[in-house]
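# Structure at a glance
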Amino acid sequence: MKIRAVGENANILFFVGKKYEGKTYLAKHMLKKVKQYLMWDENREHDDMGTVTTRLQDVILLWNMKKRKVVYQPPTEKKTQQGFNEFCLIALMLSNAVIYCEEVRLYAQSNKIPINFARLMDSGRFRGLGIWCTSRRMLRLAAEIPYNADHIFAFKQKRVKDLEALKDYIDEDVVDQIPNLPKYHFVHYIDETGTAYIHKPI
Ligand SMILES: Nc1ncnc2c1ncn2[C@@H]1O[C@H](COP(=O)(O)OP(=O)(O)O)[C@@H](O)[C@H]1O
Ligand SMILES: [Mg+2]
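So, here's what we can say about the structure.

### Details of unusual backbone geometry
Positive phi values are uncommon outside glycine, yet Arg44 reaches one of about 50 degrees. Taking the C-beta count within 10 Å as the criterion, Arg44 has 12 such neighbours and is therefore assigned exposed. Positive phi outside glycine occurs at Asn96, with the angle close to 50 degrees. Its place among the elements puts Asn96 in the loop between α3 (81-91) and β5 (97-101). The exposure class of Asn96 is partly exposed, given the 17 C-beta atoms found within 10 Å.

Have a look at this one:
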């Protein structure tokens, strides 16, 4: 699959589906080919991906020290919309990197999208920033995310409202197969061509 991770017109990627279906696994598989990234590690599961910090102010320090694979693990009191907004402000100071956000549904809901996250999605590509987001559900998720996504990776999910929301982007015939996807299979939707196809586990 052709993905522009960083640089001019860096892509926005969206991974959606039930838990344990392989969203993080696929995202990490692709992220391992990227040289510069900043992760919002919601569940502290990415210790292996780079330099870990729980202090946002360290992100810029690390970056300036040429540590360009940075895993931010927000402390509990920062797992708020404001904390996420502060993270996005730091992300906006970087360039040519992937900004990877786990469980973004917790912080970017319909009508309540943090301003700096909106800025990231609107203008991140001008700084060479790719934005990669995971979410378990479409429901109540800020529509800006699937709407702006260059690639959507949809894993198994069954709730009718989530599937209906996916049909705004992906062909109905393909979405109808999502509830029956075998484990770790996923639908890959490419916005540029408007096409979607079922992908075997990577
Ligand atoms: N394609 C795959 N091949 C083998 N194991 C996988 C694959 N995708 C996911 N897994 C495993 O399944 C578990 C759940 O995957 P994960 O990516 O964490 O799910 P999610 O992020 O959707 O909750 C993990 O232990 C992961 O290693
Ligand atoms: Mg995950």
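Back to the write-up after that little detour.
### Regarding the packing of helix α2 (residues 56-64) against α3
How two helices pack is summed up by the angle between their axes together with the distance between the axes. For the pair α2 and α3, interaxial distance at closest approach is 10 Å and the crossing angle is 15 degrees. Considering their axes alone, α2 and α3 lie roughly parallel with respect to each other. When you trace α2 past α3, the crossing you get is right-handed. Residue-level inspection shows Leu56, Val59 and Ile60 of α2 in contact with α3, the latter providing Glu86, Phe87 and Ile90. Tallied by class, the residues present in the contact of α2 with α3 amount to five nonpolar, no polar and one charged.

### Notes on the pairing of strand β6 (residues 129-135)
In terms of residue burial, β6 counts as a mostly covered element, since seven of its seven residues are buried. Burial along β6 is two-sided: the residues Leu129, Ile131, Cys133 and Ser135 and Gly130, Trp132 and Thr134 are all buried. Looking at chain direction, strand β1 (residues 12-16) and β6 are connected through five bridges and run parallel. Opposite Leu13, over in β6, you have Trp132 as the bridge partner. Taken together, β5, helix α4 (residues 115-123) and β6 form a β-α-β motif whose crossover is right-handed.

### As for the sheet that holds β5
Here nine strands make up an open sheet; going across it, the order is β3-β4-β2-β5-β6-β1-β7-β8-β9 and the pairing mixed. Each of the sheet's edge strands pairs with one partner strand only, and the pair in question is β3 (51-53) and β9 (195-199). Strand after strand, the sheet turns through a mean of 15 degrees between neighbouring axes, direction not considered. Across three bridges, β3 lies against strand β4 (residues 69-72) in parallel orientation. The residue bridging Thr51 from the neighbouring strand is Val70, located in β4. Helix-sheet contacts for helix α1 (residues 23-31) involve β1, β2 (37-40), β5, β6, β7 (151-154) and β8 (186-190), and the interaxial angle to β6 is about 160 degrees.

### Details of the site of ligand 1
Around ligand 1 sit Lys19, Tyr20, Glu21, Gly22, Lys23, Thr24, Tyr25, Tyr184, Pro201 and Ile202, and that is every residue in its neighbourhood. A per-class count over the shell around ligand 1 returns five nonpolar, two polar and three charged.

### A look at the packing of α3 against α4
Put simply, α3 and α4 touch, their axes get as near as 7 Å, and they point 35 degrees apart. By crossing handedness, the relation of α3 to α4 is classed as left-handed. Judged by residue contacts, Phe84, Asn85, Cys88, Leu89 and Ala91 of α3 engage Ile115, Asn116, Phe117 and Leu120 from α4.

The rules behind these values
Residues numbered from 1 in each chain as written. Chains lettered and ligands numbered in written order. Predicted model: local features only at pLDDT ≥ 70, side-chain atom pairs only at ≥ 80, totals over all residues. Buried ≥ 20, exposed ≤ 12 C-beta atoms within 10 Å, placed from the backbone. Helix = DSSP H or I, 4+ residues; strand = E, 2+ residues; numbered from the N terminus. Axes fitted to C-alpha atoms, helices over the stretch in contact; angles between N-to-C directions. Parallel < 35°, antiparallel > 145°, perpendicular 65-115°, else oblique. Left-handed = near helix turned anticlockwise from the far one by under 90°. Contact = placed C-beta atoms within 7 Å. Nonpolar A, V, L, I, M, F, W, Y, C, P; charged D, E, K, R; others polar. Pairing = 2+ DSSP bridges. Right-handed = clockwise from strand over helix to strand, strands pointing away. Near = placed C-beta within 6 Å.

No statement about biological role is implied by the geometric values presented.
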